[in-house]
Amino acid sequence: MEAWILENGIFFRLGIFISLFLLFGLWEVFLPDHSSPFSKTTRWTSNIILVILNNVFIRILFPISAIGIAELAATKQFGVLRMLDLSHELYFLIGFIFLDLIIYIQHVLFHSIPILWKLHQMHHADLELDVTSGTRFHPLEILLSMLIKFSAILFIGATPFTVLVFE
């Protein structure tokens, strides 16, 4: 199962994203917790277009994915964890927690450093909070985030499966 998931990682991730997005989107449409003065169609269209543009932008700049970076780390034996004799479960757990910590620190820095806040502010500047707000990011923030994530994966030596589950 793990090999199939890794081989089809992009489709697996995309399937999970689209399924959850549709589930929560339908929930918001049919069971809203409030009425909105803003057009959901206009907001959702602009936010979804931004997601698509960001993904195209990232795929052009980074033809390799985070899972690909993890495969490179495994092939070249990069990473601090590779120096330790750990069980697969512990290796997974430490890698997952480390990646989560790094992304948390990144988020704190994007809120704390003025120039990074200018980029991150786009995420918080949505007219209303809904399912599309969590996908709304400035392209330069996505770029920096990918560089940070790639560096963390190489540093720790996270396995491709750990990265897939984390993402």
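It should be noted that the structure appears before, not after, this text.
These figures come from a predicted structure and were not determined experimentally.

## Some thoughts on unusual backbone geometry
Most peptide bonds take the trans configuration, and most residues that are not glycine carry a negative phi.
Line of reasoning, step 1. Of note in this structure, glutamine 77 is not a glycine but carries a positive phi near 60°.
Line of reasoning, step 2. With respect to the helices, strands and loops of the structure, glutamine 77 is situated in the loop between α4 (66–76) and α5 (88–112).
Line of reasoning, step 3. Residue class for glutamine 77 comes out exposed when judged on its relative accessible area of 53%.

## What to know about the nonpolar core
Line of reasoning, step 1. Core analysis: the biggest nonpolar cluster contains 23 residues, and Phe62, Leu99, Met146, Phe150, Ile153, Ala158 and Val163 have the highest contact counts within it.
Line of reasoning, step 2. Mapped onto this core, the elements with two or more residues apiece are α4, α5, α7 (139–156) and α8 (160–166).
Line of reasoning, step 3. For this core, the element with the most residues is α7, which contributes seven residues.
Line of reasoning, step 4. Here isoleucine 153 is in contact with Ala66, Ile69, Ala70, Leu99, Ala158 and Val163, once residues within four sequence places are set aside.

## A word on helix α6 (residues 114–124)
Line of reasoning, step 1. Looking at α6, one finds that the buried residues are Leu116, Leu119, His120 and His123. Viewed end-on, α6 has its buried residues packed into an arc of 90°, placing them on one side of the element. α6 presents Pro114, Ile115 and Lys118 as exposed residues on the side facing more than 90 degrees away from its buried surface.
Line of reasoning, step 2. Buried-residue contacts for α6 involve α5 and α7.

## Focus: α5
Line of reasoning, step 1. Given a rise of 1.5 Å per residue, 25 residues ought to cover 36 Å, and the 36 Å separating the end C-alpha atoms of α5 matches this to within 8%.
Line of reasoning, step 2. Close packing links the buried residues of α5 with α6, α7 and α8.

## A few points about the pattern of salt bridges
Line of reasoning, step 1. As enumerated under the stated definition, the model contains three salt bridges in all.
Line of reasoning, step 2. A salt bridge links arginine 43 to aspartate 130, with the shortest nitrogen-to-oxygen separation between them at 2.6 Å. With a gap of 87 residues between them, arginine 43 in helix α3 (residues 40–61) and aspartate 130 in the loop between α6 and α7 connect regions that are remote in the sequence. No difference in accessibility class separates arginine 43 from aspartate 130, as the two residues are buried.
Line of reasoning, step 3. Where glutamate 167 meets lysine 149, a salt bridge forms, and the shortest distance between an N and an O atom there is 2.7 Å. With glutamate 167 in the segment after α8 and lysine 149 in helix α7, this residue pair connects regions lying 18 residues apart in the sequence.
Line of reasoning, step 4. Salt bridges sharing partners connect three or more residues here, namely Arg43, Asp126 and Asp130.

## Points about the packing of α5 against α6
Line of reasoning, step 1. At a closest axis distance of 6 Å, the pairing of α5 and α6 adopts a crossing angle of 105°. Accordingly, the angle class assigned to the pair α5 and α6 is roughly perpendicular. Residue-level inspection shows His107, Leu109, Phe110, His111 and Ser112 of α5 in contact with α6, the latter providing Pro114, Leu116, Trp117, His120 and His124.
Line of reasoning, step 2. In terms of residue class, the contact of α5 with α6 is built from five nonpolar, five polar and no charged.

## Describing the packing of aromatic side chains
Line of reasoning, step 1. In this structure the tally under the stated criterion is seven aromatic pairs.
Line of reasoning, step 2. Ring centres of phenylalanine 96 and phenylalanine 166 lie 5.6 Å apart, and the angle between their planes is 75°; this geometry places the pair in the edge-to-face category. Of this pair, phenylalanine 96 sits in helix α5 while phenylalanine 166 is found in helix α8, placing the two residues 70 residues apart along the sequence.
Line of reasoning, step 3. The partly exposed category is assigned to phenylalanine 96, whose relative accessible area is 27%.

Reading guide: rules and limits
- Residues numbered from 1 in each chain as written.
- Predicted model: local features only at pLDDT ≥ 70, side-chain atom pairs only at ≥ 80, totals over all residues.
- Heavy atoms only, no water.
- Helix = DSSP H or I, 4+ residues; strand = E, 2+ residues; numbered from the N terminus.
- Buried < 20%, exposed > 50% of the residue type's maximum accessible area, 1.4 Å probe, protein only.
- Core = buried A, V, L, I, M, F, W, Y, C linked by side-chain atoms within 4.5 Å.
- Contact = heavy atoms within 4.5 Å.
- Arc of directions from axis to C-beta.
- Expected span 1.5 Å × (residues − 1).
- Salt bridge = Lys/Arg side-chain N within 4 Å of Asp/Glu carboxyl O.
- Axes fitted to C-alpha atoms, helices over the stretch in contact; angles between N-to-C directions.
- Parallel < 35°, antiparallel > 145°, perpendicular 65-115°, else oblique.
- Nonpolar A, V, L, I, M, F, W, Y, C, P; charged D, E, K, R; others polar.
- Phe/Tyr/Trp six-rings, centres within 6.5 Å; stacked < 30°, edge-to-face > 60°.

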